[in-house]
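# Structural overview for review
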Amino acid sequence: MVSEKEENGAMQECPADRNIIFLDSTDSTNIQAKRLADEGAPHGTVVVAETQHAGKGRAGRRWESPAGCNLYFSLLLREGIVPEKASMLTLVMWLSVQEAVAVCCGVQTQIKWPNDIVLNGKKIAGILTEMHLQENAAPYVIIGTGVNIKAQDFLPELENKATFLESASKEPISREVLLAKILECFDKNLVLFGKKMDLSLLYTTYNEVLVNLGREVRVLDSAGEYTGTAEGINKEGELLVRLADGRCKQVYAGEVSVRGIYGYV
Ligand code: BTN
């Protein structure tokens with residue numbers, strides 16, 4: 001990807017035993033990681049692409065993936081996969097991206113539960129986690145992450161919702177150095193997750209950077225809509241929402257969408 005300087009950064013930062021595949025172009029790093037997984041690629045394999053022509057977002061949406069300005073990568077996990085716990089791996093990646101961005105770029109971002117990292121109220125990253133259950137083999141998980149880094153033209157419908165990291169950093173950001181730091185943070189956080197197979201050892205840190213914390217949120221689920229105050233996540237990754245009558249609801253990531261009452265955040 002891009003400059004020699006960036007490549008050298010990656011060479012210095014990434015552990016030599018990590019299987020990282022850099023591609024100029026692919027349909028989607030998640031799709032390519034699945035192909036490689038099905039051919040036997042090892043746990044921890046990472047697929048990175050300069051551009052994607054069929055980048056996937058959540059809920060069947062497209063993830064615009066122009067060349068030269070963003071980070072697009074997918075991480076294959078095979079070890080210790082417990083299907084009912086897999087959704088928590090997304091939160092482990094969120095924390096790792098947030099932490100790496102702070103350390104590498106000096107930019108403080110916040111996590112908007114369940115699925116965004118925000119900078120000044122606008123989204124800078126998206127994660128799509130896909131679990132693959134197989135009949136005669138162990139399940140595996142692919143965590144695909146896209147981070148907006150450099151200035152770019154967003155689609156008109158995203159202009160007020162999306163931003164990029166360099167809008168807040170003093171120095172240009174090396175995508176490879178940032179990738180190496182995200183993977184390092186993820187490895188560390190995955191160990192903490194694996195000790196309890198939940199977020200017991202991570203949720204306090206998560207709540208420190210949770211943009212929803214203490215704010216009024218609107219929860220939309222199949223039963224309807226209600227509002228309450230977000231009190232943070234629990235060790236299962238559920239958002240705790242205090243209702244006006246004092247009851248506390250545990251909101252599961254897969255069931256609802258949460259919006260701040262005022263604007264996007
Ligand atoms: C979202 O909708 O917020 C999730 C977007 C996830 C995008 C990333 S980019 C790398 C990986 N490959 C894909 O096709 N999607 C994910």
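Just so it is clear, the structure is predicted and the values come from calculations on it, not from any experiment.

## Examining the site of the ligand
In the vicinity of the ligand, 18 residues are found, and the nearest of them are Ser28, Gln52, Lys56, Arg58 and Lys123. Within the side chain of threonine 29, a nitrogen or oxygen atom sits 3.0 Å from a nitrogen atom of the ligand. Glutamine 52 is positioned with one of its side-chain polar atoms (N or O) 2.9 Å from a nitrogen atom of the ligand. Relative to its unbound accessible area of 420 Å², the ligand is 99% covered by the protein chains. Those elements giving two or more residues to the shell around the ligand turn out to be α2 (29-38), β3 (70-77), β6 (122-132) and β7 (140-148).

## A few points about the packing of aromatic side chains
Evaluation of the coordinates by the stated rule reveals zero aromatic pairs. Its end group placed over the ring of tyrosine 140, arginine 78 keeps NZ or CZ at 5.4 Å from the ring centre. We note lysine 249 situated over the ring of tyrosine 226; from NZ or CZ to the ring centre the distance is 5.1 Å.

## Some details on α2
When α2 is considered as a whole, its buried residues turn out to be Thr29, Asn30, Gln32, Ala33, Leu36 and Ala37. Buried residues along α2 cover an arc of 160° about the axis, so they all sit on one side. N-capping of α2 is provided by serine 28, with a side-chain oxygen placed 3.1 Å from the backbone N of asparagine 30.

## As for unusual backbone geometry
With omega at 0°, the peptide bond leading from tryptophan 113 into proline 114 counts as cis. As for its placement among the helices and strands, proline 114 is situated in the loop between β4 (110-112) and β5 (116-119). Unusually for a residue other than glycine, asparagine 120 sits at a positive phi of about 50°. Inspection of the secondary structure assignment puts asparagine 120 in the loop between β5 and β6.

## Brief notes about the pairing of β6
Across the eleven residues of β6, eight count as buried, placing the element largely inside the fold. Relative to β6, β5 runs antiparallel, the two being bridged by three bridges. Bridge assignment links leucine 119 to a residue of β6, and that residue is lysine 122.

What counts and what doesn't
Residues numbered from 1 in each chain as written. Predicted model: local features only at pLDDT ≥ 70, side-chain atom pairs only at ≥ 80, totals over all residues. Heavy atoms only, no water. Near = heavy atom within 4 Å. Polar contact = N/O pair within 3.5 Å; in protein donor to acceptor, adjacent residues only side chain to side chain. Areas by Shrake-Rupley, 256 points an atom, 1.4 Å probe, with all protein chains shown as cover. Helix = DSSP H or I, 4+ residues; strand = E, 2+ residues; numbered from the N terminus. Phe/Tyr/Trp six-rings, centres within 6.5 Å; stacked < 30°, edge-to-face > 60°. Lys NZ or Arg CZ within 6 Å of the ring centre and 35° of its normal. Buried < 20%, exposed > 50% of the residue type's maximum accessible area, 1.4 Å probe, protein only. Arc of directions from axis to C-beta. Pairing = 2+ DSSP bridges.

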